[in-house]
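Chain and residue survey
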There are 2 protein chains.
Amino acid sequence: MLTGNAIIGQSGGPTSVINSSLCGVIQTCAKYPDKIQNIYGMRYGIEGFMQEMLIDLGAQRPEVVEALKTTPSSALGSCRHKMQEQDFAPVLELLKKYNIRYYFLIGGNDTMDTIHRIEAYCRKEGYDLVGVGIPKTVDNDLFATDHTPGFGSAARYVAMSVLQAGILARDMKKVDQFVVFQTVGRSAGWLPAAAACAKRNEEDAPHIILVPERPFETERFLNEAKAAYDQHGWVSVVCGEGVCFADGSPISATAVNDRFGNKEFGAMGGTSAAMVLHQLLTKTFGWRGEFQVTESLQMCAADRAMPNDIQEAWACGKRAVELAVEGNSGVMVTIQRDSNVPYAWSLGTAPLKEVALGEKPMPDAFICPDRYFVTDACLEYLRPLVGELPEYVRLD
Amino acid sequence: MLTGNAIIGQSGGPTSVINSSLCGVIQTCAKYPDKIQNIYGMRYGIEGFMQEMLIDLGAQRPEVVEALKTTPSSALGSCRHKMQEQDFAPVLELLKKYNIRYYFLIGGNDTMDTIHRIEAYCRKEGYDLVGVGIPKTVDNDLFATDHTPGFGSAARYVAMSVLQAGILARDMKKVDQFVVFQTVGRSAGWLPAAAACAKRNEEDAPHIILVPERPFETERFLNEAKAAYDQHGWVSVVCGEGVCFADGSPISATAVNDRFGNKEFGAMGGTSAAMVLHQLLTKTFGWRGEFQVTESLQMCAADRAMPNDIQEAWACGKRAVELAVEGNSGVMVTIQRDSNVPYAWSLGTAPLKEVALGEKPMPDAFICPDRYFVTDACLEYLRPLVGELPEYVRLD
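Residues numbered from 1 in each chain as written. Chains lettered and ligands numbered in written order. Predicted model: local features only at pLDDT ≥ 70, side-chain atom pairs only at ≥ 80, totals over all residues. Heavy atoms only, no water.

A few points about the pattern of salt bridges
A side chain of one charge can pair with a side chain of the opposite charge when the charged atoms of the two come close. Residues and elements named next belong to chain A. Scanning all chains against the criterion turns up 41 salt bridges over all chains. For the salt bridge of Glu-63 with Arg-61, the shortest nitrogen-to-oxygen distance reads 3.7 Å. The class of Glu-63 is partly exposed, set by a relative accessible area of 49%. The network of salt bridges with common partners includes Lys-82, Glu-85, Asp-113 and Arg-117. (Salt bridge = Lys/Arg side-chain N within 4 Å of Asp/Glu carboxyl O. Buried < 20%, exposed > 50% of the residue type's maximum accessible area, 1.4 Å probe, protein only.)

Here's the deal with the interface of chain A and chain B
Between chain A and chain B, the residue contacts involve 70 residues of the former and 70 residues of the latter. The contact between chain A and chain B buries some 6100 Å² in all, and 62% of this surface belongs to carbon and sulfur atoms. Of all residues in chain A, the largest losses of buried area upon contact with chain B belong to A:Lys174, A:Val393 and A:Leu395, amounting jointly to 11% of the total for that side. Counting every contact that joins chain A to chain B gives four salt bridges. (Contact = heavy atoms within 4.5 Å. Buried area = accessible area lost by both parts, 1.4 Å probe.)

Comments concerning helix H6 (residues 151–171) of chain A
Given a rise of 1.5 Å per residue, 21 residues ought to cover 30 Å, and the 30 Å separating the end C-alpha atoms of H6(A) matches this to within 8%. Summarising burial for H6(A): 21 of the 21 residues are buried, a large majority. (Helix = DSSP H or I, 4+ residues; strand = E, 2+ residues; numbered from the N terminus. Expected span 1.5 Å × (residues − 1).)

Focus: the sheet that holds strand S11 (residues 344–351) of chain B
Residues and elements named next belong to chain B. Taking strand neighbours across the sheet as the criterion, the seven strands line up as S3-S2-S1-S4-S5-S10-S11 in an open arrangement whose pairing is mixed. Two strands lie at the open edges of the sheet, namely strand S3 (54–56) and S11, each paired on one side alone. The mean angle between the axes of side-by-side strands here comes to 30°, regardless of whether they run parallel or antiparallel. When strand S5 (residues 130–135) meets strand S10 (residues 331–339), the two strands line up parallel, connected through two bridges. Its bridge partner being in S10, Val-132 is matched across the sheet by Val-331. Along the sheet face, helix H1 (residues 18–29) touches strand S1 (4–10), strand S2 (36–42), strand S4 (100–107) and S5 and points at about 175° away from the line of S1. (Pairing = 2+ DSSP bridges. Axes fitted to C-alpha atoms, helices over the stretch in contact; angles between N-to-C directions.)

A short note on the sheet that holds strand S10 (residues 331–339) of chain A
Residues and elements named next belong to chain A. If you walk across this open sheet you meet the seven strands as S3-S2-S1-S4-S5-S10-S11, and the pairing is mixed. The outermost strands of the open sheet, each flanked by one partner alone, are strand S3 (54–56) and strand S11 (344–351). Each adjacent strand pair in this sheet contributes to an overall mean axis angle of 30°, direction not counted. Pairing geometry for strand S1 (residues 4–10) and strand S2 (residues 36–42), over four bridges, is parallel. The residue bridging Gly-4 from the neighbouring strand is Ile-36, located in S2. Set on the sheet, helix H1 (residues 18–29) makes contact with S1, S2, strand S4 (100–107) and strand S5 (130–135); between it and S1 the angle comes to about 175°.

Comments concerning the side chain of A:Ser161
Within the secondary structure, A:Ser161 sits in helix H6. Those residues in contact with A:Ser161 that lie beyond four places of it in its chain are A:Phe181, A:Arg304 and B:Leu297.

Considerations on the relation of the copies chain A and chain B
One copy of the chain maps onto the other through a rotation about an axis followed by a shift along the same axis. If you rotate chain A by 180° and push it 0.0 Å along the axis, it lands on chain B with an RMSD of 0.0 Å. In the structure described here, the two chain copies are related by an operation that fits a two-fold rotation axis. Ranked by how close their C-alpha atoms come to the rotation axis, the residues of chain A are headed by A:Val293, at 2.5 Å. Both copies contact each other with a shared surface, as 100% of the interface residues of chain A are interface residues in chain B too. (Least-squares fit on C-alpha atoms with pLDDT ≥ 70 in both.)

Focus on unusual backbone geometry
With omega at -5°, the peptide bond leading from A:Val341 into A:Pro342 counts as cis. Within the secondary structure, A:Pro342 sits in the loop between S10 and S11. Of note in the backbone geometry, A:Arg186 takes a positive phi value of approximately 50° without being a glycine. Among the structural elements, A:Arg186 can be located in the loop between strand S6 (178–183) and helix H7 (190–194). Not every positive phi belongs to a glycine, and B:Asn140 is a case in point at roughly 65°.

Re the confidence of the model for chain A
Interpreting fine coordinate detail is not advised for predicted regions of low pLDDT. Residues and elements named next belong to chain A. Overall, the predicted model of chain A reaches an average pLDDT of 94, with 96% of residues at or above 70. Low pLDDT, under 50, characterises residues 255–269; the stretch is placed with 30 contacts to residues that sit more than four places away or in other chains. Here the complex is predicted with pTM 0.96, and the ipTM for its interfaces comes to 0.96. (pLDDT = per-residue confidence, 0-100.)

Structural notes on the packing of helix H4 (residues 88–97) of chain A against helix H5 (residues 109–124) of chain A
Describing two packed helices takes the angle between their axes plus the distance from one axis to the other. All names here are of chain A. Direction vectors running N to C along H4 and H5 enclose 75°, while the axes themselves pass 10 Å from each other. For the element pair H4 / H5, the angle class is roughly perpendicular. Taken together, the residues of H5 that come into contact with H4 (itself represented by Phe-88, Ala-89, Val-91, Leu-92 and Leu-95) are Arg-117, Ile-118, Tyr-121 and Cys-122. Residue composition of the contact of H4 with H5, grouped by class: eight nonpolar, no polar and one charged. (Parallel < 35°, antiparallel > 145°, perpendicular 65-115°, else oblique. Nonpolar A, V, L, I, M, F, W, Y, C, P; charged D, E, K, R; others polar.)

Quick notes on the packing of aromatic side chains
Here the structure, examined in full by the defined rule, presents 20 aromatic pairs over all chains. With a centroid separation of 5.1 Å and 45° between ring planes, the pair formed by B:Trp190 and B:Tyr381 is classed as tilted. On the criterion of sequence distance, the pair formed by B:Trp190 in helix H7 (residues 190–194) and B:Tyr381 in helix H14 (residues 376–386) is long-range, its members being 191 residues apart. Classification of B:Trp190 by relative accessible area gives buried; the value is 2%. Taking the relative accessible area as the measure of exposure, B:Tyr381 reaches 8% and is therefore buried. An aromatic cluster is present here, built from A:Phe178, A:Tyr229, A:Phe285 and A:Trp287 joined pairwise through their rings. The ring of A:Trp190 carries A:Lys360 above its face, with NZ or CZ at 5.2 Å from the centroid. (Phe/Tyr/Trp six-rings, centres within 6.5 Å; stacked < 30°, edge-to-face > 60°. Lys NZ or Arg CZ within 6 Å of the ring centre and 35° of its normal.)

Examining the environment of A:Ile209
If you trace the backbone, A:Ile209 turns up in strand S7 (residues 208–210). Each residue touching A:Ile209, except ones within four places of it in the same chain, is listed here: A:Pro192, A:Ala193, A:Ala196, A:Val238, A:Tyr372, A:Phe373 and A:Val374.

As structure tokens, then:
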């Protein structure tokens, strides 16, 4: 029986529920005192660990640990450090120094790669270490899991924003003719797709959803915008931040370079896909409108977190500890969907190695072939994660 | 006794609670059947009225009317039409045609000007019309009222966003060093000021608040950003969209024109103050960071509406009808603050003419003289309107 201390870290961008996973880990470690003597937290992930920035999580007050469930962002602090060859030896020394035998990280595929490599290095060096990963990312592009904790809450933020801004755009169409909402998610279209949950009727926002899985074609986009305008008198566009032209160049950077001759401006990150679309619609049609770039607000809006997302995140943390004390190493906890209606889920596992190498773009069946929108199959997948949205009335 | 029909319209930008005022008007009109026979709604404000786009509000189902309290945006549709001389005669004909004797508009100072001029024209032409205004604007720059319905909910959206993004920025400081949040509010600083409610401790966001009432000085801004970074390792900046240099030119437009030599880009509205500040910090210090431009999301986030704001908006609508049936014409309902702790308010009136001409910038006593921030007096004013914000825990 492996006995020693445990450590947990958080990596990459935060979510509204990543601290709920942390809570699940801390609370569950306390249930196995014969195997896990104490639990440490890494400040700022592996980067802070290498500087011995540790927190004694076993000494935290229970009410603080419990309140982590509803506290957004990464309570331990985060990093984006990519492990270098020369990092492994000092990491092993620290693991020995603190007698750490259970190693947990909450993160995305880069994070799973980090655990996988540390665990493999320790095995090679003859140091017994159990490493288990806990999934997290608002992007939802993690391989082997039905969805990631954090996605549902971010998706709800997106859908709620597009719903509310759509009602406003409808009522203001005599003044402004369009609204563009940009989501995070890099090359994955899950978050822009989630906006579709806001739509109940044909007129409702959004009218156009641009996912990075499909190339942006200017003419086609303008035609669809014009069609929506002709039908409703206003247009709602949702775009992923990473939407690209067919040649792979992002519409954010390219457009600024091409249209305004200022390379540096785009390169400094001072532009965005939504801004480019805004300008395209303004210049082409003479419409007035606005672009909404909420960025990391999507990752930390705890007041809009999905209760089920909080619960799943906590359960993933709990299961990670259970797997570890049972001797399972080199795996990530996964979420399996058992049923859509009523929504039911259970937990599984996937090898860290596969998760580290894989990714999960939106399947073809979720993206409309003939227009910039998502399919009913996609909506069936999304709805249980986004949850019920508020009903707003319309006058008869 | 004046007997006839009533009409109500909504003008300018929406808020999360403007429909609550509409609800108050509809529900109260029904209490005076001897004076108000029916109540009509103007679609798209005075612009729609002139096209006879009317809704029979008396015929709406009571549950729809009641649900207006929690439905954001302008259920009647809005406009930004400025009355021209040639508009008055046709408006009077329509008032006669529908036997409208009670005229209500919910809006800002332009709207109050519209009521005032229509009421004056009718008096000159010998047509008895009672006109009463109901205040509304997220900008909170309306003269003669302690605050405007709609401001508290928008202010809460701002404070909530800055609170959550601040926690995220703190936890992510090893990756990104700053975050800039831009508010709406044009030349008024009330909304950026509201972000200060997010701050409980010295390290908390925001560190810098830029209100349009004070000129932007580049060196001073950079010095304050550097000081916050040196102290905390990250910086939170909140800026009003209308922040200007000392010469009155907005930092959004000027910076793009000056720095990137592209006049059209700024003129098309494709830039923003936050983006300019983002670029300034990136170029000067080499920091990574993000800008958040949420635009009208601040005006329609009904799930973040302040309950008291909803109630005040409803009460303003109710009082407008009461004033009208008592024969008071040419006034706007105002909110008076009777006490900060516990928060207590009552209703008053102000002449439409004064409201139309006046505005309410932030008083000097609310703005720090020596740094880009607001004073304790400002916070005392803001806190009851923004309400309690969630408590998030920190590990010990």
